[in-house]
Amino acid sequence: MAEQTTMPVHVLAAIEEHQRQCSDPVAAFFYDLPALAAHGRAVKSALPENVELYYAIKANSEAAIIDTLAPVVDGFELSSGGEIERACNSATPRPWVLSGPGKLDSDMRHAMLQGVEAFHIESIGEITRLQTIAASLQRTQPVLLRINPTLPDELSSRLKMAGTASPFGIDEAQLAEAVTAVDSAPNLSLRGFHIHAMSHQKCEQRHQRLLSFYLQCWPRWRALASKHEQLTQLNVGGGIGVNYLQPAQQFDWPDLCRSLEQQLEAMHEPPLVRFEIGRFLSAFCGYYVVEVMDTKISHGEGFLVCRGGTHQFRLPAAQAHDHPVIHLPRSANQPNQAEYRPWTVVGQLCTPKDVLSRHQPLRGVAIGDLLVLPLAGAYGYNISHADFLCHPRPEQIFVGHVSESPTPEASHVQSEPVE
Ligand SMILES: *Cc1c(COP(=O)(O)O)cnc(C)c1O
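These numbers come from a predicted model, not from an experiment.

### Let's talk about helix α9 (residues 253-265)
- An ideal rise of 1.5 Å per residue puts 18 Å on 13 residues; α9 measures up with 18 Å between its terminal C-alpha atoms.
- Here α9 has its buried residues at W253, P254, L256, C257, S259, L260 and L264.

### Remarks on the site of the ligand
- Neighbouring residues of the ligand: 14 residues in total, closest K58, G239, E276, R279 and Y379.
- E276 has a polar side-chain atom sitting 2.7 Å from a nitrogen atom of the ligand.
- Within the backbone of R279, an N or O atom sits 2.8 Å from an oxygen atom of the ligand.
- Protein contact buries 93% of the 390 Å² of open area that the ligand shows by itself.
- Taken together, the residues of the shell around the ligand break down into 3 nonpolar, 6 polar and 5 charged.

### Notes on the domain arrangement of the chain
- Its domain assignment divides the chain into domain 1 (9-31 + 285-414) and domain 2 (95-277).
- Placing a centre on the C-alpha atoms of domain 1 and another on those of domain 2 gives a separation of 36 Å.
- Contacts between the two partners involve 11 residues from domain 1, matched on the other side by 11 residues from domain 2.
- Counting each side, the surface lost to burial between domain 1 and domain 2 is near 850 Å², with a carbon and sulfur contribution of 63%.
- Where domain 1 touches domain 2, the interface holds 0 salt bridges.

Parameters at a glance
Residues numbered from 1 in each chain as written. Predicted model: local features only at pLDDT ≥ 70, side-chain atom pairs only at ≥ 80, totals over all residues. Heavy atoms only, no water. Helix = DSSP H or I, 4+ residues; strand = E, 2+ residues; numbered from the N terminus. Expected span 1.5 Å × (residues − 1). Buried < 20%, exposed > 50% of the residue type's maximum accessible area, 1.4 Å probe, protein only. Near = heavy atom within 4 Å. Polar contact = N/O pair within 3.5 Å; in protein donor to acceptor, adjacent residues only side chain to side chain. Areas by Shrake-Rupley, 256 points an atom, 1.4 Å probe, with all protein chains shown as cover. Nonpolar A, V, L, I, M, F, W, Y, C, P; charged D, E, K, R; others polar. Domains from an automatic or database assignment. Contact = heavy atoms within 4.5 Å. Buried area = accessible area lost by both parts, 1.4 Å probe. Salt bridge = Lys/Arg side-chain N within 4 Å of Asp/Glu carboxyl O.

Below you can see the structure in the form of structure tokens.
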């Protein structure tokens, strides 16, 4: 397998420029904002009519990422007081919903005062707390109930959040009780249901079956409410996966959208469907760049010791995968005639777990070369234990501004032919 070498020219230029300015070896994130905007637009434009796209900002809540996606998406999905802060500071205000287990009373109150569109209720206990807060503010608050549905076996994925014991949502068996509780809460108004059942879904056919399962359940769930005509919204969550190991083969989003459109057209009273996507929106724009500081052979295995590590980019450790690596030789102009050999790419931490990728075939790697880990824009830096060993935090460089973007980079929405 030959190493991947393609990178957007403007990102390469920003990396080069950054390395020139650094006196120490480089460890930094680069985000391609024009590519992010183009990808977001492609995801959005593939959607059927009346289907909305929210961005789940926990995937990456950096201001520049939010500001780039805000004009593209219909709104944001938030899960904490801190995320409310970030979304409300966005240059382009958008509607937003608050979900997640363990909501603080203070956050729920703050959310109402800041104009939350709807709450996604995670438990029966939350209904009581939310009613009290809405009553104290003398408002009627729209809510969706998050359901933990009983899923057919074949619809499960690796990171299941539903169809099994989980802190998320309300078991289907308790749904009638929850609907009654909202119906009898004078300051709450039930608008529909929310399901975020899985993450890392890489197969569009399986996701189609999951969505059609939800749509089949919809009339039954809706009928539980006394004023069921008020229930119009079905939030189907996120969970669209990114293929980290075969970057050329990505989820066929347009295909999913086409089948959803057909299903909705066939329904008598279709719900207003909303996606709230994190990973599949922001992953592709990010690059984690580290500089090789040392090369060594230990017990026959080659190691590249790099600036940074899993305390800055925990994703490969969290996924237990070998992240793809792009090699940028310092002397890019000289022909690289060396033999390929496998290298294990590690960081600076004093733990054997600090591994970014194992056995990557690279050739002619030298100290001072850069290694680029692509697909680093979602659940990268922000899920990392950045204070471990007191290393400095990495710089985050946001390349290009949406307004001055004449050349959107290749979007990952179209599935590319397999090599
Ligand atoms: C994390 C999360 C999302 C986004 O999930 P992705 O896999 O990043 O698309 C959406 N909804 C809820 C409730 C979540 O917790």
